[in-house]
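Examining the three-dimensional arrangement
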Amino acid sequence: MPGSNLVSFIKKPSVMSLTSNLPVSLNVQLGRLSLKNPILVASGTFGYAREMSAFVDYAQLGGIIPKTVTREPRAGNPPPRTVETTAGLLNSIGLDNDGIEVFITKHLEALSLLPTALIVNIAGKSTEDFVVMARRLDEFNPIQALELNISCPNVSGGVDYGTNPTMTAEVVAAVRQATSKPIIAKLTPNVTSVVEIARAAANAGADALSLVNTFQGFAVDWKTGEPRLGNGLGGLSGPAIKPLALRIVWQVAQAVDCPIIGVGGIQSLDDVLEFLVCGATAVQVGTANFYNPSLSSQLTSGLEKVLQDRGCSRVQELIKTVKVPKNQRKTC
Amino acid sequence: MSAVQQKARVLLHEAMAKNTFRLRLDGVELATTITPGQFFMVKIPGENDPLLGRPFALFDICKDAEGRVAGLEFGYVVVGKMTGRLAQLQAGDEVEIWGPLGNGFPASPGGRLVFVAGGIGQTPFLALAREALGVQSYPQQNPRKVVQPSSVTLCYGARNAEFLAGVEDFKSVPGLKVELATDDGSEGHRGYVTQLLEEHLKAPGEPVTIYACGPEPMLKAVQKLALSYNATCWLSLETPMACGFGACFSCVAKIRETTPAGEESWDYRRTCVEGPVFEARELIFENHP
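Residues numbered from 1 in each chain as written. Chains lettered and ligands numbered in written order. Predicted model: local features only at pLDDT ≥ 70, side-chain atom pairs only at ≥ 80, totals over all residues. Heavy atoms only, no water.

Residues and elements named next belong to chain A. Pairing in this open sheet of four strands is antiparallel, and the strands run E6-E7-E15-E12 from one edge to the other. Each edge of the open sheet is held by one strand with a lone partner, namely strand E6 (82-85) and strand E12 (215-217). In this sheet, neighbouring strand axes are inclined to one another by 35° on average, regardless of whether the strands run parallel or antiparallel. In the sheet, strand E7 (residues 88-91) pairs with strand E15 (residues 234-237) via three bridges, with the strands oriented antiparallel. Residue pairing across strands places Leu89 opposite Ser237, the latter belonging to E15. (Pairing = 2+ DSSP bridges. Helix = DSSP H or I, 4+ residues; strand = E, 2+ residues; numbered from the N terminus. Axes fitted to C-alpha atoms, helices over the stretch in contact; angles between N-to-C directions.)

Written as structure tokens, this is what we have:
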């Protein structure tokens, strides 16, 4: 019978696949945003992508997020803008950029031609800033999503959007109205409860949450009393913050029903997997781009191999597989 | 120019002066594409402290007995965490490097060339002198055009004689005049290296082109002299840098520009991409007004 032949034809490869390479789907879904794999690069650590061209195979990335764009040009903070701390990097770049119009004329076309998803990160001083930029970018089809930087610790004169759930909800909801594109809210860890802010962003319509931006820090030369950064305060990134970011990803994943993009100190495939297991659907490689510029595009093949070795056909099978801590498993 | 990221082995590690060492690496790919005044980043693979790479200017490329490019050298002074770690490296150890990075010094335009070096800022001038005097060409892969100069002088200043590094290397370049200065007079002229420079600017002859690298107060003094004598002047900056290839926007310097409306203004430019070499008249020094 033709039917039984068909069945055996379909069955054979799946039996073989126990010993050979099973095709693995790295595709992930972040709300309305679909990515070919979960490896992204964090805004502010990848320039406008062209800076990385000698080191990175863009096609291997799930997407790229260029440096934050603001409505008006910003000179950025006075140098020194970075100082290295133990296993970390403290920065106060200050969103140095030429503003949205120059971004469109100077960078957008080149970014649009790259063989990977383009997510544009925007920051504003007001909800109106965010809305105006979201509307302006809405017409550009190659932009697949917007990431709202409501968490940069280096630019606000007063309270950041991301430190207040009401303001977070307001800006996410307003941008949701202003654009048809998926929205990612990038949150700050510098709050008492990221869960509360995350819930506000999710309820207001965020497709995904990037967790987390840098941790506020300070460095000083005790001999002179001079702060080491021109701006004084800075944001800490790098391997030093990985456990801190992982804690937040894990807690938010338990409490809020919204896809998470994990970011904080990732510098190896193990780090990527830890974030996925703790509840991240995708990750961003950040500071490691500075000291291992070819890393990001090497992670995808490594991830595929790990999934094959574990017999997973989809990356989703790994996500949020973290177990309940041992001392909480006992029933009384 | 396209940069590469590669592992490289230490071929040679030796003292050049007090607290000053030279490292020779087998980074052939990088060595064939680099030009004088360009730099590359060096990182200890797999270590988180120090975490970032550090920029080092090319001292010179090296060749084997058959004249093939075999590696490249840089010099460093032990001042901090990374240079302290570098000092422990032995022949055969592996480091990670990426480059070539930055614009580097322009090739000789002819006339009189005066190189002004302060401290470890001497690093880029060996290769630049060899190029200007026809000993070596850069990049090896596709040599750039050099106009033969009428003279090439290195004015090199250090705290004292113990810190003068690589003087024999410089003296071995045929045609290179080496003038030394030390703060205490223990070697050469007692005083600032910029006083040596001014003698050249005062002397009649073909136009002087200045190339300088060293501490910021020295660069600022060179800038002042260049402007007052109306000499073309290239200054190489060292600023705190995280990546070296333009992604992080850490290493900015204030550069003069004219707005579309014709007003005098300034903007931050990345030392690693738009520099490290800038024309003296476009630089605004912030820390030493």
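What follows concerns the pattern of salt bridges. Where side chains of opposite charge bring their charged atoms close, a pairing between them can arise. Taken as a whole, this structure holds 29 salt bridges over all chains when the rule is applied. The residue Asp129 of chain A makes a salt bridge to Arg71 of chain A at a minimum N-O spacing of 3.0 Å. Placement of Asp129 of chain A in helix H3 (residues 127-138) and of Arg71 of chain A in the loop between strand E5 (69-70) and E6 is noted, with a sequence separation of 58 residues between them. Between Arg269 of chain B and Asp267 of chain B there is a salt bridge whose closest N-O contact spans 3.4 Å. What makes Asp267 of chain B buried here is its relative accessible area of 15%. (Salt bridge = Lys/Arg side-chain N within 4 Å of Asp/Glu carboxyl O. Buried < 20%, exposed > 50% of the residue type's maximum accessible area, 1.4 Å probe, protein only.)

Residues and elements named next belong to chain B. Per the domain assignment, the segments making up chain B are domain 1 (4-101) and domain 2 (112-236). Just the C-alpha atoms count here: the centres of domain 1 and domain 2 sit 23 Å apart. On the domain 2 side, the residues contacting the 21 residues of domain 1 number 22 residues. Together, the buried faces of domain 1 and domain 2 total about 1800 Å²; carbon and sulfur atoms form 62% of this surface. For the domain 1 face of the interface with domain 2, the top three residues by lost area are Lys18, Pro36 and Phe59, together amounting to 31%. Asp60 serves as the salt-bridge partner of Arg130, at 2.5 Å between the closest nitrogen and oxygen. (Domains from an automatic or database assignment. Contact = heavy atoms within 4.5 Å. Buried area = accessible area lost by both parts, 1.4 Å probe.)

With that settled, the discussion passes to helix H7 (residues 269-278) of chain A. Because each turn of an α-helix spans 3.6 residues, side chains separated by three or four positions end up pointing in the same direction. For H7 of chain A, every residue scored as buried is listed here: Asp271, Val272, Leu273, Phe275, Leu276 and Cys278 of chain A. In this structure, the buried residues of H7 of chain A make contact with strand E3 (39-41), helix H6 (242-255), strand E16 (260-263), strand E17 (282-285) and helix H9 (295-309) of chain A.

Our focus in this paragraph is the packing of helix H2 (residues 100-112) of chain A against H3 of chain A. All names here are of chain A. Interhelical geometry of H2 versus H3 gives an angle of 25° and a closest axis separation of 11 Å. One finds that H2 runs roughly parallel with respect to H3. Between H2 and H3 lies a crossing whose hand is right-handed. From H2, Ile100, Glu101 and Ile104 reach across to H3, where they touch Met133, Arg136 and Leu137. (Parallel < 35°, antiparallel > 145°, perpendicular 65-115°, else oblique. Left-handed = near helix turned anticlockwise from the far one by under 90°.)

The subject of this paragraph is the packing of aromatic side chains. Counted under the stated rule, the structure contains 16 aromatic pairs over all chains. Seen from their ring centres, Phe55 of chain A and Phe245 of chain B are 5.0 Å apart, and the 50° between their planes marks the pair as tilted. Placement of the pair is Phe55 of chain A in the loop between E3 and strand E4 (63-64) and Phe245 of chain B in the loop between strand E13 (232-236) and strand E14 (252-258), with the two residues belonging to separate chains. Here the aromatic rings of Tyr156 of chain B and Phe170 of chain B are separated by 6.2 Å at their centres, their planes lie at 65°, and the arrangement is edge-to-face. Here Phe170 of chain B lies in helix H4 (residues 167-171) and Tyr156 of chain B lies in strand E9 (residues 147-158), a separation of 14 residues in the sequence. Over the aromatic face of Phe163 of chain B sits the side chain of Arg159 of chain B, whose NZ or CZ is 4.0 Å from the ring centroid. (Phe/Tyr/Trp six-rings, centres within 6.5 Å; stacked < 30°, edge-to-face > 60°. Lys NZ or Arg CZ within 6 Å of the ring centre and 35° of its normal.)

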